[in-house]
Amino acid sequence: MPERLPHTLRSDARDNRERILSVARSTFASAGLDVSMREIARRAEVGPATLYRRFPTKEALVTEAFTEQMNACTAAVEDGLADPDPWRGFCHLIETVCALHAQDRGFTAAFMSSFPHAIDFTATRERALRSVTELARRAKAAGKLRPDFVVDDLVLILMANSGIRASSPAAAAAASRRLAALLIQGFSAEPGPRPLPPAVRLPLMPVA
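Everything numeric here is computed off the predicted structure, so don't read it as measured data.

**Q** What am I meant to see in the nonpolar core here?
**A** If you look at soluble globular proteins, the nonpolar side chains tend to sit buried side by side. By size, the foremost hydrophobic cluster in this structure holds 47 residues, and its most contacted members are Phe28 and Leu61. A total of 8 residues in this core trace back to one element, the largest contributor, which is helix H6 (residues 86-103). In this structure, phenylalanine 28 is in contact with Leu33, Val35, Ile40, Leu61, Val62, Phe66 and Gly106, ignoring residues within four places of it in sequence.

Right under this line is the structure:
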């Protein structure tokens with residue numbers, strides 16, 4: 001029995017870590033990044049000391065929780081750059097990024113936040129934005145992307161996409177697809193409307 005104890009402890013620690021990250025992702029997605037570390041610990045059913053031992057700061061928890069989404073976002077940019085048709089690659093990027101962020105408002109908040117101590121997360125984000133700039137340059141050179149597009153417009157896209165409030169995840173995804181199609185038409189240098197995905201009935205915001 002004593003020989004099995006260290007393995008059991010390592011397994012428990014690993015389970016605690018994964019549970020904390022899972023709870024953090026779902027909580028940040030539903031309530032934003034303002035949720036306290038103590039609340040995350042309560043929902044994960046661990047003590048605050050256990051949480052802080054694995055994630056000393058909220059910055060560390062947020063960046064670790066959204067590493068997978070950041071990698072998916074980076075992969076979408078790389079896929080766009082790899083496409084021999086830069087406009088098609090650009091459109092794929094907008095559609096994929098909108099879909100990723102529609103699934104998780106917490107990731108949108110994390111992506112647009114400043115994390116001075118999260119070097120890897122920040123560097124990955126900056127590298128992705130530089131790649132978006134290069135993809136946009138190619139699409140402009142092909143005469144497909146309007147010449148006044150700037151990478152800061154991607155932040156506007158994320159802000160608009162994160163504002164979608166729908167009755168279900170499926171409705172949010174559908175609304176995001178339509179938004180992406182509208183945005184792509186607005187970015188196109190070629191005149192003429194194209195068919196849009198179906199519209200989605202969204203709930204109106206209540207008056208406080």
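Further notes follow.
**Q** What is the right way to read the pattern of salt bridges from this model?
**A** Side chains bearing opposite charge may pair, as long as their charged atoms lie close to each other. Here the structure, examined in full by the defined rule, presents 8 salt bridges. Residue glutamate 134 pairs with arginine 138 through a salt bridge whose shortest N-O separation is 2.9 Å. Placement of both glutamate 134 and arginine 138 in helix H8 (residues 119-141) is noted, with a separation of 4 residues, approximately one turn of the helix. What makes arginine 138 partly exposed here is its relative accessible area of 32%. One connected set of salt bridges, linked through shared partners, spans Arg17, Glu18 and Glu64.

**Q** Even after reading the chapter, I still don't get helix H2 (residues 37-44), so can you show me in this structure?
**A** In an α-helix, one turn spans 3.6 residues; hence positions three or four apart end up facing the same way. Taken together, the buried positions of H2 are Met37, Glu39, Ile40, Ala41 and Ala44. Immediately beyond the C-terminal end of H2, within one or two residues, lies glutamate 45, with a positive phi of roughly 60°.

**Q** Looking at this structure, I do not really get unusual backbone geometry. What am I missing?
**A** Both trends apply: most residues other than glycine have a negative phi, and most peptide bonds are in trans. Positive phi, close to 60°, is recorded for glutamate 45, a residue that is not glycine. Here glutamate 45 is to be found in the loop between H2 and helix H3 (48-54).

**Q** Before we go on, may I ask you to explain the packing of H6 against helix H10 (residues 169-187) in this structure?
**A** In helix packing, the relevant descriptors are the interaxial angle and the interaxial distance, both defined with respect to the helix axes. Where H6 meets H10, the axes come as close as 9 Å, and the angle between the chain directions of the two elements is 150°. In this view, H6 runs roughly antiparallel relative to H10, as classed from their interaxial angle. Where H6 crosses over H10, the two elements pack in a sense that is right-handed. Seen from H6, the contacting residues are Trp87, Phe90, Cys91, Ile94, Glu95, Cys98, Ala99 and Ala102; seen from H10, they are Ala172, Ser176, Ala180, Ile184 and Phe187.

**Q** I would appreciate a short explanation of the packing of aromatic side chains in the present structure.
**A** Two numbers describe a pair of aromatic rings. These are the distance of the centres and the angle of the planes. Under the definition given, this model contains 5 aromatic pairs. Arranged with centres 6.2 Å apart and planes meeting at 40°, the rings of phenylalanine 28 and phenylalanine 66 form a pair that is tilted. On the criterion of sequence distance, the pair formed by phenylalanine 28 in helix H1 (residues 5-31) and phenylalanine 66 in the loop between helix H4 (58-65) and helix H5 (67-82) is long-range, its members being 38 residues apart. Residue classification places phenylalanine 66 among the buried positions, given a relative accessible area of 0%. Each ring, one from tryptophan 87 and one from phenylalanine 90, has its centre 5.6 Å from the other, and the planes form 15°; the classification is stacked. With tryptophan 87 and phenylalanine 90 both in helix H6, this residue pair falls 3 residues apart, about one helical turn. Across the pair, phenylalanine 90 and tryptophan 87 agree in class, each one buried. Grouping aromatic residues by their ring pairs yields a cluster made of Trp87, Phe90, Phe149 and Phe187.

Calculation notes
Residues numbered from 1 in each chain as written. Predicted model: local features only at pLDDT ≥ 70, side-chain atom pairs only at ≥ 80, totals over all residues. Heavy atoms only, no water. Core = buried A, V, L, I, M, F, W, Y, C linked by side-chain atoms within 4.5 Å. Buried < 20%, exposed > 50% of the residue type's maximum accessible area, 1.4 Å probe, protein only. Helix = DSSP H or I, 4+ residues; strand = E, 2+ residues; numbered from the N terminus. Contact = heavy atoms within 4.5 Å. Salt bridge = Lys/Arg side-chain N within 4 Å of Asp/Glu carboxyl O. Axes fitted to C-alpha atoms, helices over the stretch in contact; angles between N-to-C directions. Parallel < 35°, antiparallel > 145°, perpendicular 65-115°, else oblique. Left-handed = near helix turned anticlockwise from the far one by under 90°. Phe/Tyr/Trp six-rings, centres within 6.5 Å; stacked < 30°, edge-to-face > 60°.

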